[in-house]
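Commentary on secondary and tertiary structure
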Amino acid sequence: MTKKQIFITSAFTENSVWRQILGICSALAVTNLMMNSLIMGLGVTFSLALSGFTISLIRNWTPRSVRMMVQTLIIAAYVIIVDIFLKANMPDISKQLGPYVGLIITNCILMGRAEAFASQNKPLDSMIDGIGAGVGYSLVLLLIGFIRELFGFGSIFGIKVLGAWWTPWSIMVMAPSAFFILAMLIWIINIKYYKPKG
Amino acid sequence: MDISAFVLFWAAIFTSNILLTNFLGMCSYLSVSREVESSFGLGVAVIFVLTVTAGLNWLVYHLILVPYNIVYLQYIVFIIVIAAFVQFLELVIERYAPALYYTLGIFLPLITVNCAIFGVSLFLVIRNYSFLQSISFGAGSGIGWLLAILMLAAIRRKLKEKLVPHGLQGVGISLIITGIMALAFVGFSGIVQIQ
């Protein structure tokens, strides 16, 4: 596979959220505001890319029996960098994201890409695969965040777009709407791109 | 935080259910909920591990990380504590209760990567709970998670014979059911506010 193919496969055709149903926890939790979604997406992309690179770099020296622990520790190290960076530079967003930054470690996407791709491929390819998966994940987050923030607050990235006449739907800010929107998204994508077999 | 541990326990089950309002533990929730029996087994294991690791991580955080000023290592330390405890539990159960091991054993490795376990440990640090509050919050969250997965498994069993639109089959319909359950749980949210 060329590098471009790797990127497209992991970002779109095998998108972690809608094809493999991974990483839903944070996809639902942080999407009530678009800014949070964007920061979360960037954080995940950063950790995915660099942990993919590192895991792949040491893949031939990692004993199989402890590879899960090694992968988790590598991922955790990058997530700590993200966390410290957010705490130092964007304290407000860091407070809103709360535990969900730390939860990137147990986000199944990272483990999934580490196991499925980085432990068998070259470092640079793994990095591109990580960026692809991260971009795909961020797109889903931003899409859900867009719908929830637009209807829930009448704004996009905190800028009011719907005027004073708009009555915010408070349900959009609460938990249930996240489940419904993700279900609808999966439904639409399944109908459009994945035809039933036979 | 000056909420009594008892209130916190109920609040963790109903008003801020770990799964339905905090979205933690979704992966295993969606994949294991095909059968009621296995959902129950996993749920019980989650309750136990959650309660103990909440206590353990509280002790580790306040007795080791804070005095030695290495709080920034909390993520790595928490993960190691959880993984080590699950491993230890697996050995003990296999040695002393083989029957239980066969029903519960397969779920134990799944628990290490269940974000509900890790999430609760992070919550108790962020919200500054006391030791007693942490344990009751952990137990309550576990029971809340068991409740949610049991409900979904029971509904999915009923759905097996029903026609579901093609695109919604599997995860789609599970998410919609979860959304409806979350709507019902929003009804509890006015009782106590813990976050």
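Residues numbered from 1 in each chain as written. Chains lettered and ligands numbered in written order. Predicted model: local features only at pLDDT ≥ 70, side-chain atom pairs only at ≥ 80, totals over all residues. Heavy atoms only, no water.

Turning our eyes to something else, we now look at the overall build of chain A. Helix and strand counts for chain A come out as eight helices and two strands. Secondary structure elements in chain A, listed N-terminal to C-terminal, are α-α-α-α-α-α-α-β-β-α. A compact globule built from 198 residues would reach a C-alpha radius of gyration of about 16 Å, and chain A, at 18 Å, matches this within 12%. Considered along the principal axes of its C-alpha atoms, chain A spans approximately 60 × 55 × 25 Å. Evaluated residue by residue, chain A yields a buried proportion of 54% over its 198 residues. (Helix = DSSP H or I, 4+ residues; strand = E, 2+ residues; numbered from the N terminus. Rg over C-alpha atoms; globule rule 2.2 N^0.38 Å. Buried < 20%, exposed > 50% of the residue type's maximum accessible area, 1.4 Å probe, protein only.)

Once that is clear, we can look at the pattern of salt bridges. Residues and elements named next belong to chain A. Using the criterion set out here, one finds four salt bridges over all chains in the structure. Between Lys-87 and Asp-83 there is a salt bridge; the shortest N-O distance is 3.1 Å. Here Lys-87 pairs with Asp-83, and both are found in helix 4 (residues 67-89), just four residues apart, close to one helical turn. On the basis of relative accessibility, which here comes to 8%, the residue Asp-83 falls in the buried class. Between Asp-129 and Arg-113 there is a salt bridge whose closest N-O contact spans 2.9 Å. Of the two residues, Asp-129 is situated in helix 7 (residues 123-153) and Arg-113 in helix 6 (residues 108-118); the sequence distance between them amounts to 16 residues. Accessibility expressed as a relative area gives 3% for Asp-129, which makes it buried. Arg-113 gets classed as buried once you look at its relative accessible area, which sits at 13%. (Salt bridge = Lys/Arg side-chain N within 4 Å of Asp/Glu carboxyl O.)

Below, the discussion takes up the environment of B:Val46. All names here are of chain B. Tracing the backbone through its elements, the reader meets Val-46 in helix 3 (residues 36-65). Each C-alpha atom of the pair Val-46 and Gly-25 lies 10.0 Å from the other, and the pair is 21 residues apart in sequence. Apart from the residues lying within four places of it in its own chain, the contact partners of Val-46 are Ile-111, Asn-114, Ile-117, Gly-142 and Trp-145. (Contact = heavy atoms within 4.5 Å.)

By size, the foremost hydrophobic cluster in this structure holds 104 residues, and its most contacted members are A:Leu182, B:Met26, B:Tyr29, B:Ile111, B:Phe118 and B:Trp145. Counting five residues, the second largest nonpolar core, distinct from the first, contains A:Ile55, A:Ile74, A:Tyr78 and A:Ala114. (Core = buried A, V, L, I, M, F, W, Y, C linked by side-chain atoms within 4.5 Å.)

Time to look at the interface of chain A and chain B. Between chain A and chain B, the contact holds 40 residues from the first and 37 residues from the second. Carbon and sulfur atoms supply 85% of the area buried between chain A and chain B, which totals about 3,100 Å² over both sides. Among the residues chain A hides against chain B, the three largest losses belong to A:Cys25, A:Thr106 and A:Phe179. Together they make up 19% of the total. The interface formed by chain A and chain B includes zero salt bridges. Mapped onto the side of chain A that touches chain B, the elements with two or more residues apiece are helix 2 (24-29), helix 4 and helix 8 (175-193) of chain A. The leading source of residues in the side of chain A that touches chain B is helix 8 of chain A, at 12 residues. (Buried area = accessible area lost by both parts, 1.4 Å probe.)

Residues and elements named next belong to chain B. Closest axis-to-axis distance for the helix 8 (residues 131-159)/helix 9 (residues 171-186) pair is 11 Å, and the angle between their directions is 130 degrees. Between helix 8 and helix 9, the angle is such that the two are oblique. In the packing of helix 8 onto helix 9, the handedness of the crossing is right-handed. Residues Leu-147, Ala-148, Met-151, Leu-152, Ile-155, Arg-156 and Leu-159 of helix 8 pack against Ile-173, Ser-174, Ile-177, Thr-178, Met-181 and Phe-185 of helix 9. Partitioning the contact of helix 8 with helix 9 into residue classes produces 10 nonpolar, two polar and one charged. (Axes fitted to C-alpha atoms, helices over the stretch in contact; angles between N-to-C directions. Parallel < 35°, antiparallel > 145°, perpendicular 65-115°, else oblique. Left-handed = near helix turned anticlockwise from the far one by under 90°. Nonpolar A, V, L, I, M, F, W, Y, C, P; charged D, E, K, R; others polar.)

Detailed reading of the predicted coordinates is not advisable wherever pLDDT falls low. Residue and element names in this part refer to chain B. Overall, the predicted model of chain B reaches an average pLDDT of 85, with 96% of residues at or above 70. Within chain B, the element-level pLDDT minimum falls on helix 6 (residues 108-112), averaging 74, and the maximum on helix 8, averaging 91. Complex prediction metrics read pTM 0.86 and ipTM 0.83. (pLDDT = per-residue confidence, 0-100.)

The next thing to look at is the layout of surface pockets. Roughly 600 Å³ of volume is contained in the second largest pocket. Forming the boundary of the second largest pocket are 21 residues, of which A:Met68, A:Met111, B:Pro109, B:Thr112 and B:Val113 lie nearest the centre. Examining the composition of the lining of the second largest pocket, we find that seven residues originate from one element, helix 4 (residues 74-96) of chain B, more than from any other. (1 Å grid on protein atoms, 1.4 Å probe; cavity = no way out; pocket = protein on both sides within 12 Å on 5 of 7 lines; lining within 4 Å. Points joined across faces, edges and corners; volume = space filled by probe spheres on them.)

On the surface, A:Val66, A:Met69, A:Leu73 and B:Ile80 cluster together into a nonpolar patch covering about 270 Å² of accessible area. By the secondary structure assignment, A:Met69 is in helix 4. (Patch = residues over 30% accessible without salt bridge, like charges linked within 9 Å, V, L, I, M, F, W, Y side chains within 5 Å. Areas by Shrake-Rupley, 256 points an atom, 1.4 Å probe, with all protein chains shown as cover.)

This part takes up helix 4 of chain A. In a regular helix each residue adds 1.5 Å, so 23 residues correspond to 33 Å; helix 4 of chain A covers 33 Å between its end C-alpha atoms and thus fits that length. What helix 4 of chain A keeps buried is the set A:Arg67, A:Gln71, A:Thr72, A:Ile74, A:Ile75, A:Ala76, A:Tyr78, A:Val79, A:Ile80, A:Val82, A:Asp83 and A:Leu86. Its buried side turned inward, helix 4 of chain A meets helix 3 (34-57), helix 5 (91-97) and helix 6 of chain A together with helix 4 of chain B. (Expected span 1.5 Å × (residues − 1).)

Quick look at the side chain of B:Arg156 now. Residue and element names in this part refer to chain B. Relative to the assigned elements, Arg-156 resides in helix 8. It is Glu-35 that comes nearest to the buried, bridge-free Arg-156 among opposite-charge side chains, at 10 Å. Here the side chain of Arg-156 touches Leu-30 through a polar contact of 3.2 Å, landing on its backbone oxygen. Of note is the side chain of Arg-156, whose polar atom sits 3.4 Å from the side chain of Ser-174. Ignoring sequence-local partners within four residues, the contact set of Arg-156 consists of Leu-30, Ser-33, Arg-34 and Ser-174. (Lys, Arg positive; Asp, Glu negative; His and termini not counted. Polar contact = N/O pair within 3.5 Å; in protein donor to acceptor, adjacent residues only side chain to side chain.)

Attention now goes to the packing of aromatic side chains. Any two aromatic rings considered together are summarised by their centre-to-centre distance and by the angle between their planes. Residues and elements named next belong to chain B. Enumeration according to the criterion identifies 18 aromatic pairs over all chains in this entry. Taken together through their ring pairs, the aromatic side chains of Phe-6, Phe-9, Trp-10, Phe-14, Phe-185 and Phe-188 make up a single cluster. Note that Arg-95 overlies the ring of Tyr-96, its terminal NZ or CZ placed 5.1 Å from the centroid. (Phe/Tyr/Trp six-rings, centres within 6.5 Å; stacked < 30°, edge-to-face > 60°. Lys NZ or Arg CZ within 6 Å of the ring centre and 35° of its normal.)

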